[in-house]
Amino acid sequence: MQNGLRIEGLSFSYSGDPGDAVFREVNLSVEHGSIFCLLGPNGTGKSTLLKCISGLLHPGQGRVLVHGNDISLLRAADLAQELGYVPQSQVSAFPFLVEDIVVMGRAPHLSVFESPKPRDVQIAYDSMETVGVVSLAKRPCTTLSGGEWQLTLIARALAQEPRIMVLDEPTSHLDMGNQMKILHVVQGLAERGLAIIMASHFPDHAFLVASQTAILNNGRIVQQGLPEDVITDNNMRNTYGVDIKVLYIGEGINRKACFPSLRNKPQPSTD
Amino acid sequence: MQSNKKTGIHLNPVKLQIFLVLLLAGVSTAALMAGQLRIHPYEVIRILLSGVFPIEKTWSPTLESVLFDVRLPRLLAGLLVGAGLSVSGAAFQGLFRNPLVSPHILGVSAGAGLGAALAILFFGKIFMVQLFSFLFGLLAVLMTYSLSRVYRTTPVLMLVLSGMIVGALFSAATSLLKYIADPVNQMPSIVFWMLGSLNNASNKDMIIAGPVMLAGIIILLLIRWRINLLAMGEEEARSLGIDTGRIRAVIIVCATVISASAVSISGIIGWIGLVIPHIGRILVGPDNKKLLPVTTLIGAIYLVVVDTIARTAIESEIPIGILTAIVGAPIFAYLLRKNRSGW
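None of these values were measured; they are calculated from a predicted model. (Residues numbered from 1 in each chain as written. Chains lettered and ligands numbered in written order. Predicted model: local features only at pLDDT ≥ 70, side-chain atom pairs only at ≥ 80, totals over all residues.)

> For this particular structure, what's the right way to read the nonpolar core?
Within soluble globular proteins, side chains that are nonpolar generally end up buried alongside one another. Judged by nonpolar contacts, the single largest core of 177 residues is most densely connected at Leu38, Val166, Val186 and Ile196 of chain A. Ranked by residues supplied to this core, first place goes to helix H3 (residues 61-95) of chain B with 15 residues. Beyond its immediate sequence surroundings of up to four residues, Val186 of chain A is in contact with Ile35, Leu167, Pro170, Ile196, Met198 and Val209 of chain A. (Core = buried A, V, L, I, M, F, W, Y, C linked by C-beta atoms within 7 Å. Buried ≥ 20, exposed ≤ 12 C-beta atoms within 10 Å, placed from the backbone. Helix = DSSP H or I, 4+ residues; strand = E, 2+ residues; numbered from the N terminus. Contact = placed C-beta atoms within 7 Å.)

In structure tokens:
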């Protein structure tokens with residue numbers, strides 16, 4: 001089966017000098033209908049990697065294949081029809097209505113002089129329906145909460161009608177209820193057949209929704225595979241620098257979860 | 001309840017546009033009537049139509065000359081300058097993601113000011129003043145744009161900073177020229193020119209600058225929905241498949257050609273490009289698809305009204321740059337008080 005998204009030998013550095021690469025030799029692939037969760041400490045280059053995948057930054061080496069096509073050969077608008085990018089939340093300078101923002105997702109399907117047609121507005125409303133923000137359609141975006149804003153951005157990416165979606169830490173700065181709401185929506189999108197790659201601070205989120213996960217640390221993929229195989233006491237300690245216990249919880253939860261401790265116990269190094 | 005939190009009025013844009021077009025027609029007729037020589041509106045329309053249809057001339061040639069050679073070009077100049085500065089302002093505010101931006105931010109007026117001062121000093125002919133202000137306006141923006149390209153990471157911020165640098169340079173040069181200018185004749189004409197006036201608008205100006213300005217306005221109106229995407233930020237716009245560099249260049253070229261032409265016809269008229277877009281935003285919200293047409297119409301109406309006041313209120317002419325602020329500031333303050341526009 002053809003992969004939705006495939007990354008081969010990807011390296012990137014801001015200066016162009018391979019010596020100070022943000023990350024190097026990254027290989028991974030995401031199939032349709034599945035979620036790939038990218039873990040790693042702050043500042044390790046998760047966002048940079050996702051921007052390379054979305055065509056916003058140009059990798060020094062390697063290539064990104066979307067349905068078998070090298071994205072460096074695609075027009076930006078063509079790529080945006082295949083791949084939707086959901087940025088980390090930020091504020092808007094103007095109080096655009098939520099429906100105005102979601103309909104922006106139609107841009108790659110419209111020519112320079114075109115404005116959205118009724119059909120585009122319909123697609124925008126369908127996206128809001130899927131994500132569950134139709135009730136916000138007429139609200140100025142400056143009045144949205146963090147969770148509502150994130151859902152709005154997901155709806156906008158969905159209005160692009162992509163088959164791949166890239167989400168950059170969609171649950172950061174959100175309370176637990178909103179985190180689960182977002183993950184539920186993301187899971188729903190995967191069930192509709194989208195190939196999804198997302199970055200997250202929370203290893204638990206990989207256990208919750210991901211079928212594949214990888215740890216990016218010090219510019220390299222440390223390990224990738226099933227969440228159960230990748231998220232281990234050892235890997236977690238090496239990644240986040242504190243002791244973390246990964247335990248299986250029964251009690252109707254029936255999954256593994258991470259339990260960090262406040263201090264490092266003195267322990268032999270496990271390089 | 002949160003859902004009632006609305007910013008601005010969000011009027012029906014179609015109805016509002018029809019109303020504004022009718023208002024514009026009324027205001028334009030009034031502008032053609034008013035002046036030292038008062039012309040009856042019926043007569044105004046008949047004289048205008050006689051330009052196209054064979055109508056028996058029952059009026060004096062003076063009347064016809066006043067209308068065709070003085071008031072009509074001045075009206076057209078007012079319409080185009082008002083519409084052009086307003087629509088450029090709205091486009092720039094979206095492009096720079098900042099509602100405090102005016103069309104002059106890239107240094108076009110500082111450049112035009114220097115050009116005009118040079119021409120007044122060395123040639124003294126009105127045609128040369130217009131030509132020089134236009135060319136120096138373009139030159140200043142070109143310098144700003146080139147300077148901003150030195151750093152490639154944050155193009156919008158670099159444009160603003162480069163605009164400040166170039167603007168400061170050109171303003172200093174203008175001040176130097178004022179300092180060495182002859183204080184009896186040249187100095188006052190430099191100052192008066194800087195205050196702005198439509199007094200010099202002629203049919204020739206309209207034939208040369210009119211089509212250029214109109215083209216700029218139409219292009220900005222055509223790409224207006226894309227300005228929404230730019231207003232979300234460089235990276236988000238690119239992730240939606242927009243070639244941000246190209247569309248930014250198109251907006252800058254259009255707005256620069258419009259404002260350089262406007263400045264060369266009418267001198268520096270501030271305030272309009274900054275405030276009219278805000279008034280539009282209060283009426284129809286921030287969506288540029290609705291905002292730009294409304295802003296264009298309001299800008300045209302506003303400048304025609306203010307110019308008519310400027311030339312009829314007292315014996316001599318009041319510089320329009322002064323009036324736009326005196327008339328506009330209270331209106332704007334009132335609207336701000338009534339509606340949180342929430343930008």
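So, next bit.
> Honestly, the sheet that holds strand E8 (residues 195-199) of chain A in this entry has me stumped. Any pointers?
What holds strands together in a sheet is hydrogen bonding between their backbones, with the strands either parallel or antiparallel. Residues and elements named next belong to chain A. Here we have six strands laid out as an open sheet, ordered E6-E7-E8-E3-E9-E10, and mixed in their pairing. Every interior strand has two partners, whereas the edge strands, strand E6 (83-86) and strand E10 (220-225), have only one. Taking each pair of neighbouring strands and ignoring which way they run, the sheet shows an average axis angle of 15°. Bridge analysis of strand E7 (residues 164-167) against E8 gives four bridges, and the strand direction is parallel. Residue pairing for E8: Leu167 is matched across the bridge by Met198. Sheet contacts for helix H1 (residues 46-53): strand E3 (35-39), E7, E8 and strand E9 (212-217); angle to E8, the most-contacted strand, approximately 150°. (Pairing = 2+ DSSP bridges. Axes fitted to C-alpha atoms, helices over the stretch in contact; angles between N-to-C directions.)

> Teacher, can you tell me more about unusual backbone geometry here?
Comment: phi is negative for the bulk of residues other than glycine, and the bulk of peptide bonds are trans. Residues and elements named next belong to chain A. Even without glycine at this site, Glu251 takes up a positive phi of about 55°. Structurally, Glu251 is set in the loop between strand E11 (244-249) and strand E12 (255-260). C-beta crowding within 10 Å serves as the criterion here: with 5 such atoms nearby, Glu251 is assigned to the exposed category. Even without being glycine, Asn254 reaches a positive phi, approximately 55°.

> Explain the interface of chain A and chain B to me, please; I cannot follow it from the model alone.
Often, the extent of an interface is quoted as the loss of accessible area on bringing the components together. Facing 26 residues of chain A, the contacting portion of chain B comprises 28 residues. Here the side of chain A that touches chain B takes four residues from helix H2 (residues 76-82) of chain A, the largest share from any one element. Per-class residue counts for the side of chain A that touches chain B are 18 nonpolar, six polar and two charged. (Nonpolar A, V, L, I, M, F, W, Y, C, P; charged D, E, K, R; others polar.)

> Could you clarify how one ought to interpret the confidence of the model for chain B in this entry?
Atomic detail in the predicted coordinates should be set aside for any region of low pLDDT. Counting all residues, the mean pLDDT for chain B is 88, and 95% of those residues have values of 70 or more. Note that pLDDT drops below 50 for residues 1-6 of chain B; the model gives that stretch three contacts with residues more than four away or on any other chain. (pLDDT = per-residue confidence, 0-100.)

> Explanation requested: the domain arrangement of chain A in the structure shown.
Residue and element names in this part refer to chain A. Each assigned domain of chain A is listed here: domain 1 (5-231) and domain 2 (233-271). The gap between the C-alpha centroids of domain 1 and domain 2 is 28 Å. Between domain 1 and domain 2, the residue contacts involve 12 residues of the former and nine residues of the latter. Where the side of domain 1 that touches domain 2 is concerned, the elements lending two or more residues are helix H7 (203-209), E9, E10 and helix H8 (227-230). Examining the composition of the side of domain 1 that touches domain 2, we find that three residues originate from one element, H7, more than from any other. Taken together, the residues of the side of domain 1 that touches domain 2 sort by class into seven nonpolar, three polar and two charged. (Domains from an automatic or database assignment.)

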